[in-house]
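Structural overview
What follows is each chain in one-letter form.
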Amino acid sequence: MPANLPISDVEIGRRAYRRTQNVRSVLVSLVSTIVFAVVIWLTVVNTPGWERVQRSFFDLETALAAWPRVIAGLWVNIQVLFFAVIGVLVLSVIIATIRTLRGPIWFPLRALAAAYTDLFRGLPLIIVLFLIGFGVPGLELFPRQSAQFWGTIALILTYSAYVSEVFRAGIEAVHPSQRLAARSLGLSHGQTMRIVVLPQAVRKVTPALMNDFVAMQKDVGLISVLGVVDAVRAAQIETAANFNFTPYVLAGLLFVLLALPMIRLTDWYTARLRAREQMGSIV
Amino acid sequence: MTEPVLRMEGVRKSFGDALVLDGVDLTVAPHEVVALIGASGSGKSTLLRCINLVERIDDGRIWLGDLDISDPRIAADRVRARIGVVFQQFNLFPHLRVIDNVTLASRAVLRIPRAQAEATALALLDRVGLADRARAYPDRLSGGQQQRVAIVRAIATNPELLLLDEITSALDPELVAEVLDLVRELKGDGTTIVMATHEMAFARDVADRVVFLDGGVIVEQGPAAQVFTRPQHERTRTFLSRFLGPA
Ligand SMILES: Nc1ncnc2c1ncn2[C@@H]1O[C@H](COP(=O)(O)OP(=O)(O)OP(=O)(O)O)[C@@H](O)[C@H]1O
Ligand SMILES: [Mg+2]
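The paragraphs below set out a description of the structure included in this document. Position numbers for residues start from 1 in each chain and track the written sequence from start to end. For naming, the first written chain is A and the first written ligand is 1, with later ones following in the order written. Thresholds applied to this predicted model are a pLDDT of at least 70 for local features of residues and 80 or more for the giving and counting of side-chain atom pairs; totals over whole chains, interfaces and linings are not thresholded and use all residues. Only hydrogens and water are set aside; all other atoms, that is, all heavy atoms of the structure, feed into the side-chain values.

**Things to note about the overall build of chain A**
- Each helix and strand in chain A was counted, giving ten helices and zero strands.
- Helix and strand definitions follow DSSP, with helices as H or I runs of at least four residues and strands as E runs of at least two, each counted in order from the N terminus. When the helices and strands of chain A are placed in sequence order, the string is α-α-α-α-α-α-α-α-α-α.
- It is over C-alpha atoms that the radius of gyration is taken, and the globule rule equals 2.2 Å times the number of residues to the power 0.38. Taking 19 Å as the expected radius of gyration for a compact globule of 283 residues, we find that chain A reaches 26 Å, considerably beyond that expectation.
- With respect to the principal axes defined by its C-alpha atoms, chain A has extents near 75 × 70 × 30 Å.
- Think of it in three bands: residues with accessible area under 20% of the maximum for their type are buried, residues over 50% are exposed, and the middle band is partly exposed, with areas taken using a 1.4 Å probe on protein chains only. Burial analysis of chain A (283 residues in total) assigns 35% to the buried set.
- Only heavy atoms matter for contacts: two residues are in contact if any of them lie within 4.5 Å across the pair. Considering only contacts within chain A whose residues lie at least 6 apart along the sequence, 76% involve residues at least 24 apart.
- Computed with the Shrake-Rupley method and a 1.4 Å probe, the accessible areas treat only the protein chains shown as cover for residues. Summed over all atoms, the accessible surface of chain A reaches about 17400 Å², with 69% contributed by carbon and sulfur.

**Looking at the packing of aromatic side chains**
- By convention, a stacked pair of Phe, Tyr or Trp rings (six-membered ring in the case of Trp) has centres within 6.5 Å and planes under 30 degrees apart, an edge-to-face pair has planes over 60 apart, and any other such pair is tilted. The full count for this structure, using the stated rule, is eleven aromatic pairs over all chains.
- Taken together, the ring pairs connect Trp-41, Trp-50 and Phe-58 of chain A into an aromatic cluster.
- Charge over a ring is defined by NZ of Lys or CZ of Arg lying within 6 Å of the ring centre and within 35 degrees of the ring normal. Looking at Arg-153 of chain B, its charged tip hangs above the ring of Phe-93 of chain B, at a distance of 4.6 Å from the centre.

**Quick look at the site of ligand 1**
All names here are of chain B.
- If you check the shell around ligand 1, you find Phe-15, Val-20, Ala-39, Ser-40, Gly-41, Ser-42, Gly-43, Lys-44, Ser-45, Thr-46, Glu-166 and His-198 and nothing else.
- Within 3.5 Å is the distance limit for a polar contact, defined as a pair of N or O atoms, with the added protein rule that one can donate a hydrogen and the other accept it, and that residues adjacent in sequence qualify only through two side-chain atoms. Ser-40 is positioned such that a nitrogen or oxygen atom in its side chain is 2.5 Å from an oxygen atom of ligand 1.
- Separating an oxygen atom of ligand 1 from a side-chain N or O atom of Ser-45 is a distance of 2.7 Å.
- When ligand 1 is considered free in solution it has 640 Å² of accessible area, and contact with the protein chains removes 58% of it.
- The element best represented in the shell around ligand 1 is helix α1 (residues 44–51), accounting for three residues. Whether a residue is near a molecule or strand depends on its heavy atoms: if one lies within 4 Å, it is near.

**A word on the environment of Val-176 of chain B**
All names here are of chain B.
- Residue placement: Val-176 occurs in helix α6 (residues 173–189).
- Taking relative accessible area as the criterion, Val-176 reaches 11% and is therefore assigned buried.
- When the C-alpha positions of Val-176 and His-95 are compared, they lie 25 Å apart, and in sequence the two are 81 residues distant.
- Residue contacts for Val-176: discarding those within four places in its chain leaves Thr-168, Leu-171 and Glu-199.

**Focus on helix α6 (residues 147–173) of chain A**
- Expected span, for any helix, means 1.5 Å times one less than how many residues it has. The end-to-end C-alpha distance of α6 of chain A, which contains 27 residues, comes to 39 Å, matching closely the 39 Å that a straight helix rising 1.5 Å per residue would cover.
- When the local axis directions of α6 of chain A are compared, the greatest deviation, roughly 35 degrees, occurs at Ser-160 of chain A. Each residue is assigned a bend, namely the angle between axes fitted to the seven residues that terminate at it and the seven residues that start at it.

**Topic: the sheet that holds strand β6 (residues 83–86) of chain B**
All names here are of chain B.
- Taken in spatial order, the six strands line up as β6-β7-β8-β3-β9-β10 in an open sheet, and their pairing is mixed. Single-partner strands in this sheet number two, and they are β6 and β10 (217–222). Strand-to-strand, the axes of this sheet are offset by a mean angle of 20 degrees, without reference to chain direction.
- One ladder, built from four bridges, connects strand β3 (residues 33–37) with strand β8 (residues 193–196); its direction is parallel. Within the sheet, the bridge partner assigned to Val-33 lies in β8 and is Ile-193.
- Sheet strands in contact with α1 are β3, β6, β7 (161–165), β8 and β9 (209–214), and its direction is about 150 degrees off that of β7. Between any two strands, pairing holds if DSSP finds at least two bridges. Only the stretch in contact is used when fitting a helix axis, every axis being a line fitted to C-alpha atoms; angles between N-to-C directions are given from 0 to 180 degrees.

Below, the structure is given as structure tokens:
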């Protein structure tokens, strides 16, 4: 509403009412949260085994001692995640585009892409990790690479199979009339895909995509099975040294902290999309 | 005699067993405005889509200028770039601003530099009273505004032929006039237009020639005044009586 328009008394009354309603609901939720937290806390602390569990899972000194190694490991996870996200985005867009190609010339490529998505959506990540991490270097076809490198490749292969399906669904959700309009302007098939279809498809599937990346974020910890000293592996080493599980809890917390921004971003973006697509903004 | 912009000879098109176009002959001269009329399902849209090469004809020939565009060896994208199309449902690109919708073909197909394409586009938008909406996204525009943008997008590349497919059917009655006024202006500019329409009053007003399509063929054609007031064929009379009321 433009500033300095006169406001009617009715509207002033309505606004005052809404303000008090807001204050009330904030207070109510605050109180109920505190009560809830206290009840849970008291229940846990009064269990018979709490002292023991506290010592072996929540020991501050062990946590502090493990901190440098675990945080160094987490840095490895972040690097792997970074390259894996880029790799997945590139590969899955390529696969999705191939799967939407029409015409007999593309049949072999299309079939290959379909077989790939079927295969890697079915294979457990941990098996892919073993096959790629130990099998491919054994071929001695490629120059020597670190376990971290092969772990990243395995993640990319597994997750691109999922994410390409998400992209494909998005591409197919763009109404055919958009393609018709683009081709009618004289745009080629490729230009239509790149300028008109893909941008709309990406917008449609971004929330689903972000969720897949949150899932990948924690699966990055699985590369430890290849011997990469990431946060999980570091925690394992520390745990074995002290017979205390606190380092695992520490690593777990760090993974959650790492995921939080992405989770929040996903929620925010989904809400924004919904707001844009909804005409009545209060329902 | 000047060369026609469009020439169709014996054009045939079927979908499965349904023969939609059964030998259509049509010639459109430069600067001519042709109105296609006919019942729903008579093949008006199909005819326009065949001209625009988004539907492959089963027989016959189509020339754009002196180029046989039914020849499979021609570059179809090039031909489509020479023909402007406006659809019933506007079909603007929702993820692109108005200005980018309008300049897309100029930039991507004709390779005109962005600055130059935008200058042309802004001048056109200004003409239709939408220059101030250039940076808006299409969903922030009214139906009539969207359709005017769609028309501007279709003519931004200076096409030799403009195809309009019932461009006012999806509009609220009070928005129809602003779109029809724009078509009238385009006619004033000398644009060659083939339009499928259910707006008989408008067809009578603006079209140089009215073409009545029925049963897959052109049953009757002629100057608007003639076809509407003295239709020669029984089928034309029956069709028109449903629209204009019995004479
Ligand atoms: N892609 C298609 N596949 C099968 N049948 C089709 C297809 N497109 C059109 N038809 C059929 O062809 C006939 C002509 O359709 P067309 O859309 O050209 O009619 P129209 O004259 O534009 O009608 P309207 O005035 O309702 O827009 C119809 O019977 C329609 O069902
Ligand atoms: Mg139609």
